[in-house]
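Read off the chains here:
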Amino acid sequence: DALLRYGGRSARTAGLFGGDASLLAKFSKQVKSSLEGIENVYAQHVPLLLETLDLVSKNRLPEARYPCVTGAPVQALRPAEVVVYIAGGATYEEATKVAELNASGGVQVVLGGSYVHNSGTFLEDLDDAFGRGGV
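Residues numbered from 1 in each chain as written. Predicted model: local features only at pLDDT ≥ 70, side-chain atom pairs only at ≥ 80, totals over all residues. Heavy atoms only, no water.

### What to know about the nonpolar core
Item 1. Listed in full, the 11 residues of the largest apolar core are Leu 49, Leu 53, Val 56, Leu 61, Val 82, Val 84, Ile 86, Ala 90, Val 98, Val 107 and Val 109.
Item 2. Secondary-structure elements contributing two or more residues to this core are helix H3 (48-57) and strand S1 (81-86).
Item 3. Ignoring anything within four residues of it in the chain, the contact list for Ile 86 reads Leu 49, Glu 94, Leu 111, Gly 112, Gly 113 and Ser 114. (Core = buried A, V, L, I, M, F, W, Y, C linked by side-chain atoms within 4.5 Å. Buried < 20%, exposed > 50% of the residue type's maximum accessible area, 1.4 Å probe, protein only. Helix = DSSP H or I, 4+ residues; strand = E, 2+ residues; numbered from the N terminus. Contact = heavy atoms within 4.5 Å.)

Here it is in structure tokens:
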């Protein structure tokens, strides 16, 4: 019950940020990822964090969503190091992807969070938030 209240049909939207990608862009991304020859179906998932860090490394972060604290335009800055802190916790998958990104060179990322989640701790948090004693 808690899982359905958290991620069921009534909780879903068109996309994480409102589905601003066109249908053609979504389709082409799906086709491209299916043609890359991935043997493990679980390896197909790419965390949103990795997509965001890719935008950081290419200096293509949308300024409306990620305002710059210094007042300079985001495109004028090319960071060598990025610190990411995820309130509520990061996952092992996100930590693995960040480690792979750091090993490949380029932008170096420091990942922190209030917790490192696995499936058990995630489900416990869901039960706390939406279970019998939750909201």
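### So, a negative patch on the surface
Item 1. Together, Glu 124, Asp 125, Asp 127 and Asp 128 make up a region of like negative charge exposed at the surface.
Item 2. Here Glu 124 is to be found in helix H5 (residues 119-130).
Item 3. Residue classification places Glu 124 among the exposed positions, given a relative accessible area of 52%. (Patch = residues over 30% accessible without salt bridge, like charges linked within 9 Å, V, L, I, M, F, W, Y side chains within 5 Å. Areas by Shrake-Rupley, 256 points an atom, 1.4 Å probe, with all protein chains shown as cover. Salt bridge = Lys/Arg side-chain N within 4 Å of Asp/Glu carboxyl O. Lys, Arg positive; Asp, Glu negative; His and termini not counted. Charge placed at Lys NZ, Arg CZ, Asp CG, Glu CD.)

### Let's talk about the side chain of Lys 97
Item 1. Following the sequence through the fold, Lys 97 ends up in helix H4 (residues 92-103).
Item 2. Look at Lys 97: it is buried, it has no salt bridge, and the nearest opposite charge is Glu 100 at 4.0 Å.
Item 3. Non-local contacts of Lys 97, meaning those with residues more than four positions away in its chain, are made with His 45, Pro 47 and Leu 50.

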